[in-house]
Amino acid sequence: MTPTTPGLHHVTAIAGDPQRNADFYVGVLGLRFVKKTVNHDDTGTYHFYFGDGEGTPGTNITFFPWGEDAHGGTFGAGQTQRTAYLVTWDSLDYWTDRLAAHDVAVTRTERFDETVLQFEDPDGTGLELVAADAPADAVPWVDGPVPEAHQLRGFYGVTLAVDEFEPTADILTHVLGYEHEATEDGRRRYRSATGGPGSVVDLVETDLPRGRMGVGSVHHVAFEAVDEAAQRAFREAYKQQGMKPSEIIDRTYFRALYAREPGGVLFELSTPDPGFTVDEDLEELGTSLALPAWLETDRDVIERQLLPFDGPTVPTEE
Ligand code: ZN
């Protein structure tokens, strides 16, 4: 029997300038910079991970910062429209004020039984803060710029834009263990049958042609596979659906399986283990350039190729 994913593991997007990217996610959104490494498939590019106090799976948004001059993405079908973090109801006013203080334009909307603050990061990546009755297991970052009571509580879900619902919905329901929960204003909501943190996927239909990957686009959405046996089972299930999954790849902090779903979104399935403390102590996460063993001998060359970046600016206004 095919396993069920508990929900999101991470979301990976393309950013422009690395400094601006880190300053926003740490300095404004108050996520912890939990890992500074390079894209293992393109070692001239950083790979940044921002998450909760411990980099718990289901809290981490990650970026490949391509640089200021890289081409922008074009939004369209087959792309992640917005990535949503959960906040408490009591935090909505705090975030409305905080984002305004950082000159971030926010649209407040209601849908289903939740209140949503929609905005974009400095590269145009679509984000949401959602106040809803939903589980969370995020660990506070005690040294962060956002008071613990208002910190982001991990992912709530993602909204995927597709040209028609069914092909993507079939993969969600027949492979990943999602169930259709509700439809409202053309938005179909799916939730993992296990209903844990980050377990919402919304589908919306768009008439736009396939989007183009670039700065401000989400590169892939990663769901959690609880272990490698689950990953192998998902891989077989993908093949039965006619998809072409990758091999299972060691990404140092997790093992990853990739497959593009028929609507065009690149899905990953990632294990929670071994996690970000495999090569750095919890206290030291994100403070040095972490490289896997097979790249360590090229460290000097790799460091010289990377864009200027001084580490995130953490304001101390609170
Ligand atoms: Zn990934």
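The text that follows walks through the structure, step by step, so that each part is easy to find. Please read these numbers as outputs of a predicted model, since none were measured by experiment.

The next thing to look at is helix α3 (residues 165-174). Here α3 has its buried residues at Phe 165, Thr 168, Ala 169, Ile 171 and Leu 172. For α3, the angular spread of buried residues about the axis comes to 160°, placing them on one side.

Attention now moves to the sheet that holds strand β3 (residues 42-51). Strand order in the open sheet made by the eight strands is β2-β3-β4-β1-β13-β16-β15-β14, with mixed pairing throughout. Each having just a single partner strand, β2 (32-39) and β14 (249-250) make up the two edges of the open sheet. Relative to β3, β2 runs antiparallel, the two being bridged by seven bridges. Bridging across to β3, Val 38 finds its partner in Tyr 46. Packed onto the sheet, helix α1 (residues 18-28) meets β1 (8-15), β2, β3 and β4 (60-65) and runs at close to 10° relative to β3.

Moving on, we get to the pairing of β2. Counting buried positions over the eight residues of β2 gives eight, a clear majority of the element. Counted between consecutive antiparallel strands, the loop separating β2 from β3 contains two residues.

This next bit is on the sheet that holds strand β5 (residues 79-87). Within the open sheet, the eight strands sit side by side as β6-β7-β8-β5-β9-β12-β11-β10. Their pairing is mixed. Each edge of the sheet is formed by a strand with only one pairing partner; in this case those strands are β6 (107-111) and β10 (178-184). For this sheet the average axis-to-axis angle between neighbouring strands, irrespective of direction, equals 25°. Relative to strand β12 (residues 200-205), strand β11 (residues 187-192) runs antiparallel, the two sharing five bridges. From the neighbouring strand, Arg 189 faces β12, where its bridge partner is Asp 202. Against the sheet, helix α2 (residues 92-101) engages β5, β6, β7 (114-120) and β8 (126-131), with an angle of about 15° to β7.

Time to look at the coordination of the zinc ion. Summarising the metal site, the zinc ion is bound by the protein donors His 10 (NE2), His 220 (NE2) and Glu 268 (OE), whose distances to it range over 2.0 Å. Here the donor residues of the zinc ion share one chain and are spaced in sequence as H-x209-H-x47-E. Of this pair, His 10 sits in strand β1 while His 220 sits in strand β13 (residues 218-224); the two residues are 210 residues apart in sequence, bridging distant segments of the chain. His 220 carries the same exposure label as His 10, and that label is buried.

Parameters and conventions
- Residues numbered from 1 in each chain as written.
- Predicted model: local features only at pLDDT ≥ 70, side-chain atom pairs only at ≥ 80, totals over all residues.
- Heavy atoms only, no water.
- Buried < 20%, exposed > 50% of the residue type's maximum accessible area, 1.4 Å probe, protein only.
- Helix = DSSP H or I, 4+ residues; strand = E, 2+ residues; numbered from the N terminus.
- Arc of directions from axis to C-beta.
- Pairing = 2+ DSSP bridges.
- Contact = heavy atoms within 4.5 Å.
- Axes fitted to C-alpha atoms, helices over the stretch in contact; angles between N-to-C directions.
- Donors = N, O, S within 2.8 Å, 3.2 Å for Na, K, Ca; no water.

Purely geometric numbers; function is a separate question.
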